Amino acid sequence: MMLSLKWMTFFIHTIDKLFKKTGISPSEVDVLVVNISMLAAVPSLSSRIIYHYKMREDIKVYNLTGMGCSASPIAINIVQNILKTQRNVQALVVTSESLSLGWYPGKDRSMILANCLFRSGGCAILLTNKVALKEKAMFKLKCLVRTHHGAKDESYGCCIQKEDDQGFVGVHLGKNLPKAATRAFVENLKEIAPKILPVRELLRFILLTLIRKMTQKSTKTGASARPVINFKTGVDHFCLHTGGKAVIDAVAQNLNLTEHDIEPARMTLHRFGNTSASSIWYVLAYMQAKKRLKRGDKVFMISFGAGFKCNSCLWEVMRDLNQDGNVWKEFINSYPPKTITNPFLEKYGWIQEEDPDTFCIPDDYVIP
Amino acid sequence: MPEMFPKFTTSIKLKYVKLGYQYLVNHIVTFLFIPIMVAVSIKILKLGPEEILTIWNSVHFDLVQILCSSFLVIFIATVYFMSKPRSIYLVDYACYKPPSTCRVPFSTFMEHSRLNLKDNPKSVEFQMRILERSGLGEETSLPPEIHYIPPNPTMEAARNEAEIVIFSAIDSLMQKTRIKPKDIDILIVNCSLFSPTPSLSAMVVNKYKLRSNIKSFNLSGMGCSAGLISIDLARDVLQVHPNSSALIVSTEIITPNYYQGSERAMLVPNCLFRMGGAAILLSNKRGDRNRAKYKSVHVVRTHKGADDKAYKCVYQQEDPQGKVGINLSKDLMIIAGEALKSNITTIGPLVLPASEQLLFLFTLIGRKIFNPKWKPYIPDFKQAFEHFCIHAGGRAVIDELQRNLQLSADHVEASRMTLHRFGNTSSSSLWYELSYIEAKGRMKKGDRIWQIAFGSGFKCNSAIWKCNRRIKTPTDGPWQDCIDRYPVHIPEIVKL
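Computed from a predicted structure; not experimentally measured.

Before we go on, may I ask you to explain the overall build of chain B in this structure?
Helix and strand content of chain B: 16 helices and 11 strands. Relative to its 496 residues, chain B shows a buried fraction of 52%. Partitioning the contacts of chain B with sequence separation of at least 6, the portion at a separation of at least 24 is 80%. Of the charged side chains in chain B, 61 are positive and 43 negative; the average position of the first set lies 4 Å away from that of the second.

See the structure below:
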């Protein structure tokens with residue numbers, strides 16, 4: 001519990017930076033949504049933030065937990081609903097993950113995987129529907145679609161926090177996770193595609209599908225290639241959740257993306273690891289730091305989460321963005337790196353050949 | 001003797017003066033309207049029928065004028081109806097009734113306490129003292145895992161408790177409202193101290209096979225006032241989505257949070273918190289307008305987290321031995337009183353009748369301008385509400401609120417009896433109290449209900465409901481087998 005308080009200090013630093021960048025004071029925040037998946041503390045983290053910044057008494061505050069790596073679009077959904085009914089509202093969304101209590105000390109391999117992938121990180125986002133702030137805004141939310149496959153048992157059970165045989169708690173990642181993810185992803189795309197793609201592309205897809213169906217009926221010789229919908233006609237940049245190398249590869253293959261498109265996601269995974277709900281914001285920051293975002297561009301964010309959920313949203317870039325105050329500032333120039341091989345493999349790689357049962361530290365090895 | 005008489009007569013006079021004043025101010029529009037109408041009708045009657053006819057014929061109405069004015073009227077009416085916020089109705093709700101096997105009478109609790117804390121007799125003494133003064137009865141329940149000596153709270157057991165409580169509540173709600181799982185558009189689950197991955201909302205989606213485009217939210221860490229926060233969130237989401245229904249589940253899972261150390265301030269929650277849960281169905285569909293039990297009028301939220309003391313008064317932390325528990329500070333009552341004052345300052349103008357608001361304004365002006373020594377006028381909330389549901393946080397909370405709001409014992413009976421029968425079930429206690437009022441047959445159409453809840457942080461939230469239809473005394477529900485025994489007299493101290 002004490003560790004989580006230390007983690008708070010690095011968090012306050014992030015929110016301070018945000019307030020300084022935007023010039024908005026904490027007492028002007030009307031809505032606060034905090035999401036953190038694995039920590040349920042009393043008072044909630046949202047109360048800690050209110051306490052630290054002395055926010056107003058009539059603030060609307062929500063503390064979401066347990067919603068996994070896709071919690072960011074859910075938090076944005078809450079804010080979206082409130083902003084539609086009230087005018088002149090400023091909302092602060094804080095997303096992060098707490099690892100100190102979620103570290104798995106046992107031996108079950110499906111749970112050790114989570115230890116290897118998850119890393120600390122967080123993001124603070126300021127949203128508003130005030131017309132006066134339109135000039136300062138970076139992005140505009142166009143649409144948001146949520147898909148929840150919890151009704152299917154395999155989807156529900158593929159990413160679940162539970163105890164192993166020895167009683168240690170860890171997050172079990174099942175072997176059917178990619179399959180469940182694909183199913184949820186396809187359904188989500190089916191719903192969001194008509195909302196974000198131009199009519200031209202939709203018509204083309206429908207026509208091709210019809211033609212294929214008719215030719216299949218008349219001839220019966222081997223199926224011609226299924227027509228693939230081209231998302232690049234409606235979307236310029238893709239923010240993929242950095243769930244792991246396999247996830248990024250699978251999504252890239254499904255959407256027919258090039259290396260250039262998925263470079264931000266790969267580099268985020270390399271530099272920051274899987275920071276859970278905040279990973280898509282690191283990917284977005286990479287694009288901004290590389291000066292890829294120009295006014296009018298469309299950015300598509302996709303994230304997956306335990307449950308099984310797939311949430312996506314589309315943002316439109318409001319002005320040309322450069323890298324002021326970005327988290328990638330200091331090392332963006334060294335990305336993308338020439339090789340992604342582990343630089344320590346040569347020096348320490350020998351440990352992978354050792355047998356855990358007969359291992360003992362060799363006499364001539366000096367522990368640094 | 002002669003001294004007492006003047007006091008008696010003056011107090012009667014004051015009472016009638018106050019009643020007269022209230023009647024006058026609250027019905028001032030009628031009092032002004034009636035004389036004017038009488039004067040106008042006398043004038044017309046004086047005129048005579050032929051003169052009225054000539055006046056009528058002399059007034060020309062052009063076709064264009066008629067069309068324009070009727071168009072204007074229709075336009076204004078449409079704008080008015082379209083811009084009104086959607087009405088949110090509470091169709092029905094269901095509370096979880098724990099089985100008698102989970103019952104924890106005083107003797108069981110003290111025996112377990114003595115065995116678990118055998119190295120700390122002082123802590124056992126302390127727990128006994130708290131239990132004696134707590135206001136709890138002999139039928140409150142703890143989850144099965146806590147009945148073990150020592151309790152062994154695993155995540156598996158916590159999930160089991162969550163399943164039992166949440167699924168029973170939702171099953172009985174679905175039976176009452178005859179709603180199908182596929183018709184639920186919004187799902188909000190709030191449980192303060194247990195948040196597994198995937199969330200409890202995902203667990204509900206999985207069990208009932210809810211739709212894949214459901215909008216689900218899982219709130220936690222928000223304390224005992226989280227139930228009203230969920231209602232507020234549901235209202236906001238229902239404003240944006242027409243023709244939808246929202247399922248809200250409020251509960252508190254005790255299994256992982258039973259304090260196993262010996263620090264005194266952290267043993268108090270063990271004595272007070274008990275198993276319970278509620279499921280509520282909100283809707284903005286037209287078809288539910290007639291069958292809904294209540295209509296939502298307002299939800300007002302106050303957050304005192306900016307103040308240091310308020311923030312730290314309910315705090316989850318580790319004790320010197322590393323065991324996690326919730327620390328309740330001694331200033332809890334004072335802070336609760338202040339949070340309540342902020343909340344009723346906002347709620348007052350929304351619900352109080354004009355007479356009370358004027359009185360409050362006069363005393364406020366008087367104190368500021370004339371004499372600061374005037375006592376601040378506490379508005380009479382009994383004028384604005386018929387029923388009060390105060391979160392059954394503990395006996396002290398109910399006493400404090402009764403004193404602050406000048407309520408009678410009848411008004412707080414629902415809260416006290418819920419504390420006695422079910423203990424402090426955290427966010428779901430307000431629904432047990434409402435269920436008590438209905439089970440006693442006291443709820444009539446048009447009655448206004450005020451639900452107040454406090455929570456860690458420190459928050460004070462209020463929800464105001466209006467009874468939408470005649471409610472038959474329910475024959476099912478958590479009070480079905482014991483309502484005839486209530487109300488009971490709860491002594492100041494129960495001798496153990």
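Once the structure has been displayed, the description carries forward.
What is the right way to look at the packing of helix α6 (residues 177-196) of chain A against helix α8 (residues 245-255) of chain A in this model?
Axis angle and axis distance: for two packed helices, these are the angle between their axes and the distance between the axes, and together they describe the pair. All names here are of chain A. The interhelical angle for the contact between α6 and α8, taken along N-to-C directions, is 40°, at an axis separation of 12 Å. When the axis of α6 is compared with that of α8, the two are oblique. Judged by the twist between their axes, the crossing of α6 over α8 is right-handed. Each of Thr182, Phe185 and Leu189 in α6 lies in contact with α8, whose residues at this interface are Val251, Asn254 and Leu255. Class assignment for the residues of the contact of α6 with α8 results in four nonpolar, two polar and no charged.

Help me understand the interface of chain A and chain B, please; the structure alone is not making it clear to me.
Many analyses report the size of an interface as the accessible area lost when the parts associate. Counting from both sides, the interface comprises 57 residues of chain A and, opposite them, 58 residues of chain B. Counting every contact that joins chain A to chain B gives five salt bridges. Between Lys60 of chain A and Asp236 of chain B there is a salt bridge, and its shortest N-O distance comes to 2.9 Å. At the boundary of chain A with chain B, the tally comes to 29 residue pairs in polar contact (both at pLDDT 80 or more). Of all elements in the fold, only α1 (2-22), α2 (45-53), β2 (60-64), α3 (71-85), β5 (139-148), α5 (153-157), β6 (159-163) and α6 of chain A reach the threshold of two or more residues within the side of chain A that touches chain B.

What am I meant to see in the pattern of salt bridges here?
In this structure the tally under the stated criterion is 29 salt bridges over all chains. The partner of Arg291 of chain B in a salt bridge is Asp288 of chain B, with the nearest N and O atoms 3.0 Å apart. The class for Arg291 of chain B is partly exposed, based on a relative accessible area of 31%. Taken together, the shared-partner salt bridges in this structure form one network comprising Lys60 of chain A together with Asp232, Asp236 and Arg301 of chain B.

Hey, could you run me through the UniProt feature "active site" (unreviewed entry) in chain B in this one?
Residues and elements named next belong to chain B. Per the UniProt record, "active site" (unreviewed entry) is annotated on Cys224, His303, His387, His391, His420 and Asn424. In sequence the annotated residues extend across 201 residues, and in space they extend as well, their farthest C-alpha pair lying 28.6 Å apart. Along the polypeptide, His387 turns up in strand β9 (residues 387-390). Owing to a relative accessible area of 10%, His387 belongs among the buried residues under this scheme. Those residues in contact with His387, other than ones at most four positions away along the chain, are Ile437, Arg442, Met443, Asp447, Arg448, Ile449 and Trp450. Separated by 2.9 Å, the side chains of His387 and Asp447 make a polar contact. When residues no more than four places from it in sequence are discounted, the contact partners of His391 are Cys224, Val397, Ile398, Asn424, Ser426, Ser429, Leu430, Glu433, Ile452, Ala453 and Phe454. Of the polar contacts made by the side chain of His391, one reaches the side chain of Ser429; its length is 2.8 Å.

It is not clear to me how the UniProt feature "domain: Beta-ketoacyl-[acyl-carrier-protein] synthase III C-terminal" (unreviewed entry) in chain A should be interpreted in this structure. Could you clarify?
Here the UniProt-annotated "domain: Beta-ketoacyl-[acyl-carrier-protein] synthase III C-terminal" (unreviewed entry) positions come out as residues 235-316 of chain A. A helix fraction of 44% and a strand fraction of 24% characterise residues 235-316 of chain A, whose end C-alpha atoms lie 10 Å from each other.

Any chance you could explain the domain arrangement of chain A here in plain terms?
All names here are of chain A. One can read the domain layout of chain A as domain 1 (2-137) and domain 2 (140-359). The straight-line distance from the C-alpha centre of domain 1 to that of domain 2 is 22 Å. Tallying the contact residues gives 39 residues for domain 1 and 37 residues for domain 2. Between domain 1 and domain 2, the buried area comes to about 3200 Å², and carbon and sulfur atoms account for 62% of it. Of all residues in domain 1, Cys69, Pro73 and Met111 bury the most surface against domain 2, accounting for 18% of the area lost on that side. One can count zero salt bridges joining domain 1 with domain 2. Across the contact surface, domain 1 and domain 2 share 13 residue pairs in polar contact (both at pLDDT 80 or more).

How should I be thinking about a nonpolar patch on the surface in this particular structure?
Residues and elements named next belong to chain B. A cluster of nonpolar side chains, Ile36, Val40, Ile44, Leu47, Ile52, Ile55, Val59, Phe61 and Ile66, forms an exposed patch at the surface whose accessible area comes to about 810 Å². Sorting the residues of the nonpolar patch by element identifies α2 (28-47) and α3 (49-58) as the ones contributing at least two each. Take the nonpolar patch: its biggest share by element is four residues, from α2. Locating Val59 in the fold gives a position in the loop between α3 and α4 (63-83). Since its relative accessible area comes to 43%, Val59 is described here as partly exposed.

Quick question: what am I supposed to make of the UniProt feature "transmembrane region" (unreviewed entry) in chain B here?
All names here are of chain B. Feature annotation in UniProt places "transmembrane region" (unreviewed entry) on residues 20-42 and 63-82, given in this structure's numbering. Secondary structure content for residues 20-42 is 96% helix and 0% strand, while the C-alpha to C-alpha distance between its ends is 29 Å. Secondary structure across residues 63-82 divides into 100% helix and 0% strand, with the first and last C-alpha atoms of the span separated by 28 Å.

Help me understand the packing of α3 of chain A against helix α9 (residues 226-240) of chain B in this model?
At a minimum axis distance of 8 Å, the contact between α3 of chain A and α9 of chain B shows a crossing angle of 65°. Taken together, the axes of α3 of chain A and α9 of chain B are roughly perpendicular relative to one another. In this structure, α3 of chain A crosses over α9 of chain B, and the sense of that crossing is left-handed. Where α3 of chain A approaches α9 of chain B, its residues Ile78, Asn81, Ile82, Lys84 and Thr85 of chain A are matched on the opposing element by Leu233, Asp236, Val237, Gln239 and Val240 of chain B. Residue composition of the contact of α3 of chain A with α9 of chain B, by class: five nonpolar, three polar and two charged.

Please clarify how the sheet that holds strand β8 (residues 237-240) of chain A should be interpreted in this entry.
Strand pairing in a sheet relies on backbone hydrogen bonds, with the paired strands running either antiparallel or parallel. Residues and elements named next belong to chain A. Strand order in this open sheet of four strands is β5-β10-β9-β8, and the pairing throughout is mixed. The sheet is open, and its two borders are formed by β5 and β8, each paired with just one other strand. Across the sheet, the axes of successive neighbouring strands diverge by a mean angle of 15°, strand direction being ignored. Note: β8 against strand β9 (residues 298-305), four bridges, orientation parallel. Looking at the pairing, Leu240 lines up with Ile302 of β9. Against the sheet, α3 makes contact with β5, β9 and β10 (309-317), and its axis sits at roughly 115° relative to β5, the strand it touches most.

Could you clarify how one ought to interpret a positive patch on the surface in this entry?
Residue and element names in this part refer to chain B. A cluster of like positive charges, contributed by Lys84, Arg286, Arg289, Lys295 and Lys466, occupies part of the molecular surface. Its place among the elements puts Arg289 in the loop between β5 (276-283) and β6 (294-303). Of the residues examined, Arg289 reaches a relative accessible area of 35% and is grouped as partly exposed.

Just to check I follow, could you spell out the state of the cysteines for this structure?
Every disulfide links exactly two cysteines, by a covalent bond between their sulfur atoms. Enumeration over the complete set of coordinates arrives at zero disulfides over all chains. Left without a disulfide partner, Cys313 of chain A is nearest to the cysteine sulfur of Cys143 of chain A, which lies 8.1 Å away. Residue classification places Cys313 of chain A among the buried residues on the basis of a relative accessible area of 2%. Of all cysteine sulfurs, the one in Cys313 of chain B lies closest to Cys224 of chain B, which takes part in no disulfide; the gap is 11 Å.

I keep staring at the side chain of Ser141 of chain B and nothing clicks. Help me out?
Looking at the element boundaries, Ser141 of chain B is found in the loop between α6 (121-132) and α7 (155-177). Residue contacts for Ser141 of chain B: discarding those within four places in its chain leaves Pro98, Pro99, Cys102, Arg103, Val104, Arg274 and Met275 of chain B.

Explain the confidence of the model for chain B here, please?
Predicted coordinates in regions of low pLDDT should not be interpreted in detail. Residue and element names in this part refer to chain B. Residues at a pLDDT of 70 or more form 97% of chain B, whose mean pLDDT is 88. Ranking the elements of chain B by mean pLDDT puts helix α1 (residues 4-26) last with 67 and β5 first with 96. The low-confidence segment residues 1-9, where pLDDT is below 50, has zero contacts with residues more than four positions distant or belonging to other chains. Taken over the whole predicted complex, pTM reads 0.84, whereas the ipTM for its chain interfaces reads 0.76.

Conventions and cut-offs
- Residues numbered from 1 in each chain as written.
- Chains lettered and ligands numbered in written order.
- Predicted model: local features only at pLDDT ≥ 70, side-chain atom pairs only at ≥ 80, totals over all residues.
- Heavy atoms only, no water.
- Helix = DSSP H or I, 4+ residues; strand = E, 2+ residues; numbered from the N terminus.
- Buried < 20%, exposed > 50% of the residue type's maximum accessible area, 1.4 Å probe, protein only.
- Contact = heavy atoms within 4.5 Å.
- Lys, Arg positive; Asp, Glu negative; His and termini not counted.
- Charge placed at Lys NZ, Arg CZ, Asp CG, Glu CD.
- Axes fitted to C-alpha atoms, helices over the stretch in contact; angles between N-to-C directions.
- Parallel < 35°, antiparallel > 145°, perpendicular 65-115°, else oblique.
- Left-handed = near helix turned anticlockwise from the far one by under 90°.
- Nonpolar A, V, L, I, M, F, W, Y, C, P; charged D, E, K, R; others polar.
- Salt bridge = Lys/Arg side-chain N within 4 Å of Asp/Glu carboxyl O.
- Polar contact = N/O pair within 3.5 Å; in protein donor to acceptor, adjacent residues only side chain to side chain.
- UniProt positions renumbered as here; feature names shortened; annotations may be inferred.
- Domains from an automatic or database assignment.
- Buried area = accessible area lost by both parts, 1.4 Å probe.
- Patch = residues over 30% accessible without salt bridge, like charges linked within 9 Å, V, L, I, M, F, W, Y side chains within 5 Å.
- Areas by Shrake-Rupley, 256 points an atom, 1.4 Å probe, with all protein chains shown as cover.
- Pairing = 2+ DSSP bridges.
- Disulfide = S-S within 2.5 Å.
- pLDDT = per-residue confidence, 0-100.

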